[in-house]
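A closer look at the structure
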Amino acid sequence: MNTITLTPGATSLNQLRQVYRAGLSARLDEAARPAVERAAAQVAAAARGGEAVYGVNTGFGKLASVKIRPEDLILSHCAGVGDPVPVHITRLMMTLKLLSLGRGASGVRWRVIEQIEDMLAKGVTPVVPQQGSVGASGDLAPLAHMTAVMLGEGEAEFGGKVMPGADALKAAGMDAIELTAKEGLALINGTQFSTAYALAGLFEARRLAEAAIVTSCLSTDAIMGSTAPLQPEIHELRGHRGQIDVAAAMRALMDGSEIRESHREGDTRVQDPYCIRCQPQVTGAAIDLIRQAGRTLEIEANAVTDNPLVLEGAGIIVSGGNFHAEPVAFAADTLALAIAEIGAIAQRRIAMMVDPALSFDLPPFLTPDPGLNSGYMIAEVTTAALMSENKHLANPCSTDSTPTSANQEDHVSMAAHGARRLTRMTPNLASILGVELLCASQGIECRAPLQTSPALQKVLARLRADVPSLGADRYMATEMKTAASLVASADVVRATGSDHLIDWSI
């Protein structure tokens, strides 16, 4: 596998996206090693001393007065349930743990870091159940399942097969490690599970937001909507970056459309409905939320979030609360809002195109033979169902808390399932946008011989390479899946001639 070298505290979202998208292995810059080893030496000295130091020579949580062996701590915390985390998200989680340990405030030996690096490089992926974390005191159960494999316990995937962790390490030519003072707690404390899922949601949301700009332009031409609301001065007067960016992208994509030019004069309609007229305002606001979440998650990806922390400069080991994943929970809720709203306005555009009372003379349900055929009638109903599901999923998770661990952990973030629910929402949005792509392309073809813009014609050609125009009714599920895939894979955006329509820099 190709390997990327990361610098703890200075790793970018683009680097993490490469780990997520391309499956790269990760290693830490060797420059991080001296700080890691100094912190490990400080922990070793504390473990030999007579003073009680939480997590070093004491137990943990409510059992802080009871001594627990590191390996027992790990195994007792392997209490997750549910389906396994997808491999690419588990590998991202492991990479995030590397970054946290590499800051030199966790007190682990460099050997522990090397174990994670080697597992990534050799394809030993722990089987981690998805459910069991409440996002405070760290993602304890998921990270324990990850750590168990490092010790030759638990289960792992290797070579496409699931097997006992010890067998996976042996097959990869690796040995299990033994943990020393503080290392077990350093590995299972932290927000890396929640953050990995939130980053996955972020990366998917970025792609889908850009695809929504393309499909919204196609829909605008399909219903012969006005581009006057894209006038740059309108958006500059409001000043929001996302709104300005979306309007600019839409103007560029629709430039040269014969359909648009055909109704500049004599159009009896005064204004388009909001789903057409307010696209920059809605999608742009969602893009601003995605950027905001990205900034939070970039900080969190570089953070030290275990406990206690080794403060080398002060010469102390102190217990704090960086494991509380509230920032991640808020970021996940923010992403959920953006994903739901992009889908909500897209669904209204679909509903407009299939309704002859609103579509400016397009055939009912976009079928050439309405009455005999249903066209995209039920495809639109499906998008309504998906839109509604995403609305429900967008309800905040961060406002929910329940005490755990005998009230020691009496306020928790719920970041784990807040972030995990994004993996349900983004496929829903991809399907909504896929149906919009199908409907808008059909609508544009109904305007022949007038053509859309050169950029959007390329998108139409890309779709038609896989999905023909709709004539008589036919089996629709397969082509809806194909269209959703074109959206989710960014093929729709690349078909315009650009890799990106939005600058995602923070």
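Quick caveat: nothing in here was measured; it's all calculated off a predicted structure.

What counts as what
Residues numbered from 1 in each chain as written. Predicted model: local features only at pLDDT ≥ 70, side-chain atom pairs only at ≥ 80, totals over all residues. Heavy atoms only, no water. Helix = DSSP H or I, 4+ residues; strand = E, 2+ residues; numbered from the N terminus. Rg over C-alpha atoms; globule rule 2.2 N^0.38 Å. Buried < 20%, exposed > 50% of the residue type's maximum accessible area, 1.4 Å probe, protein only. Pairing = 2+ DSSP bridges. Right-handed = clockwise from strand over helix to strand, strands pointing away. Phe/Tyr/Trp six-rings, centres within 6.5 Å; stacked < 30°, edge-to-face > 60°. Patch = residues over 30% accessible without salt bridge, like charges linked within 9 Å, V, L, I, M, F, W, Y side chains within 5 Å. Areas by Shrake-Rupley, 256 points an atom, 1.4 Å probe, with all protein chains shown as cover. Salt bridge = Lys/Arg side-chain N within 4 Å of Asp/Glu carboxyl O. Axes fitted to C-alpha atoms, helices over the stretch in contact; angles between N-to-C directions. Left-handed = near helix turned anticlockwise from the far one by under 90°. Contact = heavy atoms within 4.5 Å. Nonpolar A, V, L, I, M, F, W, Y, C, P; charged D, E, K, R; others polar. Core = buried A, V, L, I, M, F, W, Y, C linked by side-chain atoms within 4.5 Å. Expected span 1.5 Å × (residues − 1). Disulfide = S-S within 2.5 Å. Polar contact = N/O pair within 3.5 Å; in protein donor to acceptor, adjacent residues only side chain to side chain.

Attention shifts here to the overall build of the protein chain. Across its full length, the protein chain carries 21 helices and nine strands. Computed over the C-alpha atoms, the radius of gyration of the protein chain is 26 Å, within 12% of the 23 Å expected from 2.2 N^0.38 for a compact globule of 506 residues. A principal-axis box enclosing the C-alpha atoms of the protein chain has dimensions of 90 × 50 × 40 Å. Sorting the 506 residues of the protein chain into buried and exposed places 55% on the buried side.

Let's shift gears to the pairing of strand β2 (residues 25–28). Across a regular strand the side chains alternate sides, sitting on one face of the sheet and then on the other. Sheet topology note: the strand β1 (residues 3–6)/β2 ladder contains four bridges and is parallel. Following the sheet pairing, Thr3 is matched in β2 by Ser25. Read as a crossover between parallel neighbours, the route from β1 over helix α1 (residues 13–22) to β2 is right-handed.

Attention now moves to the packing of aromatic side chains. Taken as a whole, this structure holds two aromatic pairs when the rule is applied. Seen in terms of ring centroids, Tyr20 and Phe203 are 5.6 Å apart; in terms of plane orientation they differ by 40°. Their pairing is tilted. Here Tyr20 is found in helix α1, whereas its partner Phe203 is found in helix α9 (residues 192–222), with 183 residues between them in sequence. Assessed through its relative accessible area of 8%, Tyr20 is described here as buried. An angle of 65° between the planes, with centres 5.2 Å apart, marks the rings of Phe193 and Tyr197 as edge-to-face. In this pair, Phe193 and Tyr197 both sit in helix α9, four residues apart, roughly one turn of the helix. Each member of the pair, Phe193 as well as Tyr197, carries the same accessibility label: buried.

Taken together, the side chains of Leu311, Ile316 and Val318 define a hydrophobic patch exposed on the protein surface, amounting to about 210 Å² of accessible area. Structurally, Val318 can be placed in strand β9 (residues 316–318). Accessibility expressed as a relative area gives 35% for Val318, which makes it partly exposed.

Time to look at the packing of α1 against helix α4 (residues 87–101). Two numbers describe a pair of packed helices, the interaxial angle and the distance between the axes. α4 packs onto α1 with a crossing angle of 145° between their chain directions and a minimal axis gap of 8 Å. Note that α1 runs across α4; the crossing there is right-handed. Along its contact with α1, which presents Leu16, Val19 and Tyr20, the element α4 presents His88, Ile89, Leu92, Thr95, Leu96 and Leu99. Considered class by class, the residues forming the contact of α1 with α4 number seven nonpolar, two polar and no charged.

The subject of this paragraph is the nonpolar core. Judged by nonpolar contacts, the single largest core of 145 residues is most densely connected at Val124, Leu199, Ile213, Val214, Ile290 and Tyr376. Ranked by residue count, the leading element in this core is α9, at 18 residues. Ile290 has contacts with Leu202, Ala205, Arg206, Ala209, Leu335, Ala338, Ile342 and Trp504, leaving out every residue within four places of it along the chain.

Let's shift gears to the environment of Lys458. Assignment of secondary structure puts Lys458 in helix α19 (residues 454–464). Residue Lys458 is classed as partly exposed on the basis of its relative accessible area, which comes to 48%. C-alpha separation for the pair Lys458 and Leu470, spaced twelve residues apart in sequence, amounts to 18 Å.

With antiparallel pairing, the three strands of this open sheet are ordered in space as β4-β6-β7. The open sheet has two edge strands, β4 (125–126) and β7 (161–164), and neither has a second partner. Sheet topology places strand β6 (residues 155–158) next to β7; four bridges connect them, and they run antiparallel. What sits directly across from Glu155, in β7, is Pro164.

Here the focus is the pattern of salt bridges. A complete count under the given rule lists 22 salt bridges for this structure. The partner of Arg27 in a salt bridge is Glu117, and the shortest N-O contact between them spans 2.8 Å. A residue pair is termed long-range when its members are at least 10 positions apart, and Arg27 in strand β2 and Glu117 in helix α5 (residues 110–122) qualify at 90 residues. Look at Arg27 and you get partly exposed, because its relative accessible area is 30%. According to the relative accessible area criterion, Glu117 is buried, its value standing at 4%. One salt bridge in this structure joins Arg421 and Asp333, with 3.0 Å as the shortest N-O distance. Here the residue Arg421 occupies a position in the loop between α17 (415–420) and α18 (422–445), and Asp333 occupies one in helix α15 (residues 326–354), the gap between them amounting to 88 residues. The class for Arg421 is buried, based on a relative accessible area of 6%.

Turning next to α18. Side chains of residues three or four places apart in an α-helix project in the same direction, reflecting 3.6 residues per turn. Taking 1.5 Å of rise per residue, the 24 residues of α18 would be expected to cover 34 Å, and the 34 Å separating its terminal C-alpha atoms lies within 8% of that figure. Within α18, 19 of the 24 residues are buried, which leaves it mostly tucked inside the rest of the structure.

In this structure the tally under the stated criterion is zero disulfides. As a non-bridged cysteine, Cys217 has Cys275 as the owner of its nearest cysteine sulfur, 13 Å distant.

Attention now moves to the side chain of Asn189. Its location among the elements puts Asn189 in the loop between α8 (183–188) and α9. With a relative accessible area of 3%, Asn189 lands in the buried category. Only 2.7 Å separates the side chain of Asn189 from the backbone oxygen of Ser137, close enough to count as a polar contact. Only 3.2 Å separates the side chain of Asn189 from the backbone nitrogen of Asn307, close enough to count as a polar contact. Sequence-distant contacts of Asn189, defined by excluding residues within four places in its chain, comprise Lys97, Ser137, Gly138, Leu140, Leu143, Thr305, Asp306, Asn307 and Phe323.

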